[in-house]
Structures are given as structure tokens and as C-alpha cells.
Amino acid sequence: MIAGTSRGLSRREALRRGIALLSSGGNAEAAGDARFLLLGLLGLEARDLLLDGDRILDAQAGDALDAAFARRLAGEPVARILGAWEFWGLPFRLAPETLVPRPDTETLVATALACAPDRTVPLRCLDLGTGSGCILVALLSELPQAFAVGLDRSTEALRIARHNATTNGVGDRAAFAVGDWCDALRGGFDLVVSNPPYIVRDVIQHLDRDVRLHDPRAALDGGPDGLDAYRRILDGVRDATLLAPGGRLVLEIGYDQAEAVRALARGAGYADLGLARDLAGHDRVLSFGLSFGHTDA
């Protein structure tokens, strides 16, 4: 461990110290993590470090930075330490009850947007298991005439989602409700989206510690085969007639779950409208419409 403190160091010196500290702990992303922490905690932009990197940290800033480096050394993710992260180019506040938004989920947003070639048309959207609200807010940021409902079992997650919608300027077109998947909902949605828990229960203990120890288990645990949430969603959307005529159901999936989820969807009466892969080339998003009365957009 490197002795000393960030107190009295310049911004550049504190960054170098942070990189050295995290590297000494075996962090392969030490440079990026230290930079994110310094900029995020001090409320700086990258240009501030470039143009004013010699400014000396006061005691409060130095202590906050040292505490953040210590938390990262202990395995806490950068996003959890900052309590915020970026998704779809937008800022999102986080809470222990919400997942950290991941780049893979941007594939879900892009796929959902492709279902609305005319983005000026009024649409009704539903986000099941909204968490931080990142999917819902990203969609509303691109669909200026849309209205969206975010559903989650966690009241704290919904509080954060509501804050994120307001902060990103779409709060007047969003509503949030406590609920267990599709229970108590009724239909007429043009677009239903979800990034549900899909990790096989026995696999969770083998995940990276960043995820295993810090992400909410309820947002990870997909049951014994990882498919419990998909069964609830597929049956619930159908039984409550949640999709309007021509509506789309868009689901994020695990990289190896495409065929299993497709089989569930076929059995529940859905038409398969395609698979999208993430930037790494992994199966990531499936789109469905209801077979009966289905027409392509």
C-alpha cells in the first residue's frame, strides 16, 4: 500500500497517486477508475483537469478522494462509490436497490426505438422492472411525444427513477408505480420493454465480486433456470392485453438465452420479430408481437 494522503496534492498529483494505489491492489482498470473517481467526486470535467490540474486539493476534497480510493480497493464499483453513472449519454443517480446501467442495455433502447420509425408519433410505453429508470428515460429523451410508465417492486428504486426522469427533463411524461411485473396493469401500450433478472440462481455466487456483492440480488436472480421473469412477463402481457394492436414487447436476455426465451414466447402466443446483438456480438435483445391480430409496423 502506498502511504500518504491526497491532502495538499494538486489534482494531477492526486490522480497519479490514485492510479498507483489502485494498481498496487491489482486493479486492471486503475487509470480509468481513478480518473472517474477524481472527476466525479470533485465535480470536474476532463478539461478542468487539463487546464487547471495544478490546483491544490483542500482537506475535505483530499479526504473524500482517499475514502473513495479505499472503497475501490475493497472491491466496490466506481458507479456505486459515485452514486451515479451515465447511460445513453444521460446522467443517472443510483441507489443500492438499482442496477448500474450497462452499455449492453443500450442495445435494448436502440431496438425499442427501431420499433418507432416516426419518433414524433404519440406512443404509450411501459418499462417493467424500471430500476433507475434508465431505459424509460432514454426512450422518452428520443420520443418527444411519448408517455411512459415505469413499474418496480422497490419503492426506493421508483424514487430514484422519478428523480432521474425529472433531472433529465422528461418527468412530465413519466409515471411510476409499485407493482409485481404485470399485476394490476391494463393495456393499450405501444411499446413494452424490460431488462428483467435473468441470471441462473446458482450462478450468482460465481459472478465478479463487483456484481455479486454490490448489485441488488432481486435484480439478478432469474430463478433456478434464469427464466422465471420471462414467464411472468410473457404471460402477464398477454393475459392483461397490455400490447395495443401492432405493439411490441422488447426484452433484454442473457447471451445464451435466446432459444429458451423464444420457445417460451411461442408457447405463450407471440410472434418472433427478431434478435439484436450487442457490441460484443452477443445475443442481447428479443422483440415480439402477439400472433393473433399482429400486423407489422
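J.: Describe in detail the overall build of the chain, supporting the description with residues and values.
T.: Each helix and strand counted, the chain has eleven helices and nine strands in total. The C-alpha radius of gyration computed for the chain amounts to 21 Å, which stays within 12% of the reference 19 Å derived for 297 residues, consistent with globular compactness. Viewed in the frame of its principal axes, the chain has a C-alpha envelope of about 70 × 40 × 35 Å. Expressed as a percentage of its 297 residues, the buried residues of the chain come to 48%. A fraction of 66% describes how many contacts in the chain between residues 6 or more apart in sequence connect residues 24 or more apart. Of the roughly 13,800 Å² of accessible surface on the chain, 53% is carried by carbon and sulfur atoms. Distance from the positive charge centre (32 side chains) to the negative charge centre (40 side chains) of the chain: 2 Å.

J.: Let's hear about the layout of surface pockets: which residues, and what values?
T.: Each pocket or cavity is described by its volume, and for the largest pocket that value is around 1,100 Å³. Taken together, 45 residues make up the lining of the largest pocket; nearest its centre are Leu-99, Tyr-198, Ile-199, Ala-219 and Leu-220. Secondary structure elements with two or more residues in the lining of the largest pocket: α7 (134–142), β4 (147–152) and α9 (209–212). The calculated volume of the second largest pocket comes to roughly 430 Å³. Sorting the residues of the lining of the second largest pocket by element identifies α2 (30–42), β1 (84–87) and β2 (90–93) as the ones contributing at least two each. When grouped by side-chain class, the residues that make up the lining of the second largest pocket number ten nonpolar, three polar and two charged.

J.: Could you give an account of the pattern of salt bridges, naming the residues involved and the relevant values?
T.: Going through the model one piece at a time under the given rule, you end up with 26 salt bridges. For the salt bridge of Asp-52 with Arg-55, the shortest nitrogen-to-oxygen distance reads 3.0 Å. Of the charged contacts in the structure, one is a salt bridge between Arg-72 and Asp-210, with a shortest N-O distance of 3.5 Å. One end of the pair, Arg-72, is in helix α4 (residues 59–73); the other, Asp-210, is in helix α9, with 138 residues separating them in the sequence. Residue classification places Asp-210 among the partly exposed positions, given a relative accessible area of 25%. Where salt bridges share partners, they join Arg-153, Asp-180, Asp-183 and Arg-232 into one cluster.

J.: Describe in detail the packing of helix α1 (residues 11–24) against α2, supporting the description with residues and values.
T.: Closest axis-to-axis distance for the α1/α2 pair is 8 Å, and the angle between their directions is 135°. Looking at the two axes, α1 sits oblique to α2. Taken as a pair, α1 and α2 cross one another with a handedness that is right-handed. Contacts between α1 and α2 pair Arg-11, Ala-14, Leu-15, Gly-18, Ile-19, Leu-22 and Ser-23 from the former with Ala-30, Ala-31, Asp-33, Ala-34, Arg-35 and Leu-38 from the latter. Partitioned by chemical class, the residues of the contact of α1 with α2 number eight nonpolar, two polar and three charged.

J.: Describe the pairing of strand β8 (residues 270–277), listing the residues and the values that go with them.
T.: Looking at chain direction, β8 and strand β9 (residues 283–290) are connected through seven bridges and run antiparallel. Note on β9: the bridge partner recorded for Ala-276 is Val-285. The loop that links β8 with its antiparallel partner β9 comprises five residues; one of these, Gly-281, has a positive phi angle of about 85°.

J.: Describe the side chain of Asn-27, naming the residues involved and giving the relevant values.
T.: Note that Asn-27 resides in the loop between α1 and α2. Ignoring sequence-local partners within four residues, the contact set of Asn-27 consists of Leu-22, Asp-33 and Arg-72.

J.: An account of the packing of aromatic side chains is requested, with residue identities and associated values reported.
T.: Applying the stated criterion across every chain, the model contains three aromatic pairs. On the numbers, 6.2 Å between centres and 65° between planes, the contact of Tyr-270 with Phe-288 is edge-to-face. With Tyr-270 in strand β8 and Phe-288 in strand β9, this residue pair connects regions lying 18 residues apart in the sequence. Tyr-270 gets classed as buried once you look at its relative accessible area, which sits at 4%. Residue class for Phe-288 comes out buried when judged on its relative accessible area of 1%. When the ring centre of Phe-189 is taken as origin, the NZ or CZ atom of Arg-124, which lies over that ring, is 4.4 Å away.

J.: Give me the lowdown on unusual backbone geometry, citing residues and values where you can.
T.: Within the chain, Trp-88 stands out as a residue other than glycine whose phi angle is a positive 55°. Residue position: Trp-88 is located in the loop between β1 and β2. For Trp-181, which is not a glycine, the phi torsion comes out positive at approximately 55°. Within the fold, Trp-181 resides in the loop between β5 (174–178) and β6 (189–194).

What counts, and at which threshold
Sequence positions are assigned chain by chain, starting from 1 and proceeding in written order. Only residues with pLDDT of at least 70 are given local features in this predicted model, and only at 80 or more are side-chain atom pairs given and counted; all residues enter the totals for whole chains, interfaces and linings. Only hydrogens and water are set aside; all other atoms, that is, all heavy atoms of the structure, feed into the side-chain values. Helix and strand definitions here come from DSSP, where helices need a minimum of 4 consecutive H or I residues and strands a minimum of 2 consecutive E residues; each element is numbered from the N-terminal end. Based on C-alpha atoms, the radius of gyration is set beside the globule rule, defined as 2.2 Å times the residue count to the power 0.38. The rule is simple: take the accessible area with a 1.4 Å probe, protein chains only, and divide by the maximum for that residue type; under 20% is buried, over 50% is exposed, in between is partly exposed. Whether two residues are in contact is decided by their heavy atoms: any pair within 4.5 Å suffices. All accessibility values rest on the Shrake-Rupley procedure with a 1.4 Å probe; residue burial counts only the protein chains present in the view. All tallies of charge rest on Lys and Arg as positive and Asp and Glu as negative; His and the ends of each chain are not included. We put the charge of a Lys on NZ, of an Arg on CZ, of an Asp on CG and of a Glu on CD. Here the term cavity refers to a set of points on a 1 Å grid, laid over the protein atoms alone, in which a 1.4 Å probe fits but cannot get out; the term pocket refers to an open set having protein on both sides within 12 Å along at least five of seven lines, with lining residues being those that place an atom within 4 Å of a point. Grid points are joined across faces, edges and corners, and a volume is the space filled by probe spheres set on the points. Residue type decides the class: Asp, Glu, Lys and Arg count as charged, Ala, Val, Leu, Ile, Met, Phe, Trp, Tyr, Cys and Pro as nonpolar, and the leftover types, Gly among them, as polar. Salt bridges are defined by distance alone: a side-chain nitrogen of Lys or Arg within 4 Å of a carboxyl oxygen of Asp or Glu. Orientation is described by lines fitted to C-alpha atoms, with helices fitted over the stretch in contact, and by angles between N-to-C directions that extend from 0 to 180 degrees. Angle categories are assigned with fixed cut-offs, so that under 35 degrees is roughly parallel, over 145 is roughly antiparallel, 65 to 115 is roughly perpendicular, and the rest are oblique. The hand of a helix crossing depends on one turn: near helix anticlockwise from the far one by less than a right angle means left-handed, and clockwise means right-handed. DSSP bridges decide pairing: two strands pair if at least two such bridges lie between them. Stacked, tilted and edge-to-face are the three classes assigned to paired rings of Phe, Tyr and Trp, where Trp is represented by its six-membered ring and a pair needs centres within 6.5 Å; plane angles under 30 degrees give stacked, over 60 edge-to-face, the rest tilted. Think of it as a cone above the ring: NZ of Lys or CZ of Arg counts as a charge over the ring if it is within 6 Å of the ring centre and within 35 degrees of the ring normal.

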